[in-house]
Amino acid sequence: MQGVNLSTVSEFVLVGLSDVPAVRFLLFVLFLIIYLATMAGNITILVAISTDTRLHTPMYFFLGNLSLLDILCPTITVPKMLEVLLLENKVISYTGCMVQLFFLIDVVGTEIFLLAVMAYDRYVAICHPLQYMNIVSMKLCAQLAIGTWVVGIFNSLLHTSLIFTLLFCDSNEVDQYYCDIPPMLALFCFPTYCRELVILAVAGVLGSSAFAVTLISYIYILLAILCRNSSESRHKVFSTCGSHLTVVCLFYGTTICTYVRPSSTYSPDQDRIVSMLYGIVTPLINPIIYSLRNKEVKCALRRVISHIRTALTRPHLSEIYLLAAMAYDRYVSISKSLLYEVVMSPGVCTSLLTVSYLAGLLNTIVHTSALLHLSFCSSPVINNFYCAVPPLFVVASTDTYLNDVLMFVYVGFNMMATNLFILTSYACIMVAEGRTGSAAGRHKACSTCASHLAAVVIFYVSATFNYMQHSSSNSLHSRQIASIIYTIVVPMLNPVIYSLRNKEVKNALSSFIRRKMYF
């Protein structure tokens, strides 16, 4: 009997949130938006904390750890839930279920202890401000952070081993949208009283002790504030402590309600709502409550967002590589026409397109990270009609020599390499067409190559003029004109040059317009 159970349960089936297709799609869109917003908020906070030296303090060190946990917690459960909602693929393997449960308990346990550590940090900062840096040193911060992660791992190992060392019955339907302890306990073939008792004891002791530390810390904070004469400082701390305690109570309450109780009281519908509160909602609102109410963090976030926006407006390296890929496609099409379908297979096209976008993403990351380390005046005036790299270098209050060198070398290498590749491709096309006897074919190839090369030259020259000069250059008006050319004029000309000169495209457009006019 036991051997049969071990061999039959090789996978589990997760129960979705709804069986109605329209409702599933709406839930998919809703949770996808929440997940992306959670990722964006917490990643932005991590970048702001890591790049702004003013935020290199114990409080923000712990806040960075909390943001990392808030990234991991929904990432463990939400992607599979989205797959179930969109594709109805409810199956998860035995190993996948065990890994999901392990990491979920690890992250939840670590966050419980981290919230207690953060409460203690606030207690020392408010009640003992003069001794704060001596008590909460960076060494102690590292020890406390590592301790929370280590305790979370051992807590997760204990719970996971207690769950997956028992035998499951033939039923493998997990009554939840992810693998969790209560629905897994409901699948066991034999009584689980002893194991439930161990789980309740461990979760109860660890959770209650962490909650007690958090609660006592905030009580001392409130008592210390009540003794102060300044009503403004009392209001500020009451507001901060109130918002922090709201998240703490929400997180502790939902996790205790989920894990510190016997399995006989398990209610699937109620548990789905409770698990969403600590697994999806709390990671979404933590950046708002812990960070966006803080002036220092808001200033750092504005700086990060400004630099990201600036990096996204630089000459798109993706377009440079895409122009090279298009030139290669034309070379294969004209010079090796019989092998065209074999050489330019869908897989090769997808690979070239992926490389183009990844190169642009890497370019953005490199230059954004370089910009994040610059300091600016209190009210810098940018001499351009949008945020661009050269005018930002001009208004920077720190030395931009290394940034100038980085941009010159990195952008210069990529532009020269792709430009050489494009010129070589079109030269080979011209040579191949020159060998043919058809004057009409040569004229067509020359006309096509000339128009394509005109667009490439305009884009490359304007982008090179704007980004390959030293930031101390005073040609501001010339740079503005160059920016207009490659950001406005070239995108307007590209459809004309690359598409509207093509008979197939013109026929398709004419057919489309006629159909729309007919209907």
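Everything here concerns the structure above.
What you see is a predicted model; the values in this text were computed from it and never measured.

Student: Break down the sheet that holds strand S1 (residues 11-14) for me, citing the residues and quoting the values.
Tutor: Two strands in a sheet stick together by hydrogen bonds in their backbones, pointing the same way (parallel) or opposite ways (antiparallel). The sheet built from three strands is open, its strands ordered S2-S1-S3 with mixed pairing. One side of each edge strand has no neighbouring strand; the edge strands of this open sheet are strand S2 (91-93) and strand S3 (173-174). In this structure, S1 lies alongside S3, joined through two bridges in parallel fashion. Note that in S3 the partner of Val13 across the bridge is Glu173. Helix H4 (residues 94-127) contacts S1 and S2 of the sheet and is inclined by roughly 85° relative to S2.

Student: Outline the pairing of S1, listing residues and values.
Tutor: Residue alternation in S1 divides its side chains into a buried set, Phe12 and Leu14, and an unburied set, Glu11 and Val13. Judged from the three bridges that link them, S1 and S2 form a sheet pairing that is antiparallel. Looking at S2, one finds that Glu11 is bridged to Ser93.

Student: Residue-level account of a nonpolar patch on the surface, with values.
Tutor: A contiguous nonpolar surface patch, about 600 Å² in accessible area, is contributed by Phe25, Leu26, Val29, Ile33, Leu86 and Leu87. Elements supplying a minimum of two residues to the nonpolar patch: helix H2 (21-51) and helix H3 (58-87). In terms of residues, the nonpolar patch owes the most to one element, H2, which gives four residues. Topologically, Leu86 is positioned in helix H3. Judged by its relative accessible area of 45%, Leu86 falls in the partly exposed class.

Conventions used here
Residues numbered from 1 in each chain as written. Predicted model: local features only at pLDDT ≥ 70, side-chain atom pairs only at ≥ 80, totals over all residues. Heavy atoms only, no water. Pairing = 2+ DSSP bridges. Helix = DSSP H or I, 4+ residues; strand = E, 2+ residues; numbered from the N terminus. Contact = heavy atoms within 4.5 Å. Axes fitted to C-alpha atoms, helices over the stretch in contact; angles between N-to-C directions. Buried < 20%, exposed > 50% of the residue type's maximum accessible area, 1.4 Å probe, protein only. Patch = residues over 30% accessible without salt bridge, like charges linked within 9 Å, V, L, I, M, F, W, Y side chains within 5 Å. Areas by Shrake-Rupley, 256 points an atom, 1.4 Å probe, with all protein chains shown as cover. Salt bridge = Lys/Arg side-chain N within 4 Å of Asp/Glu carboxyl O.

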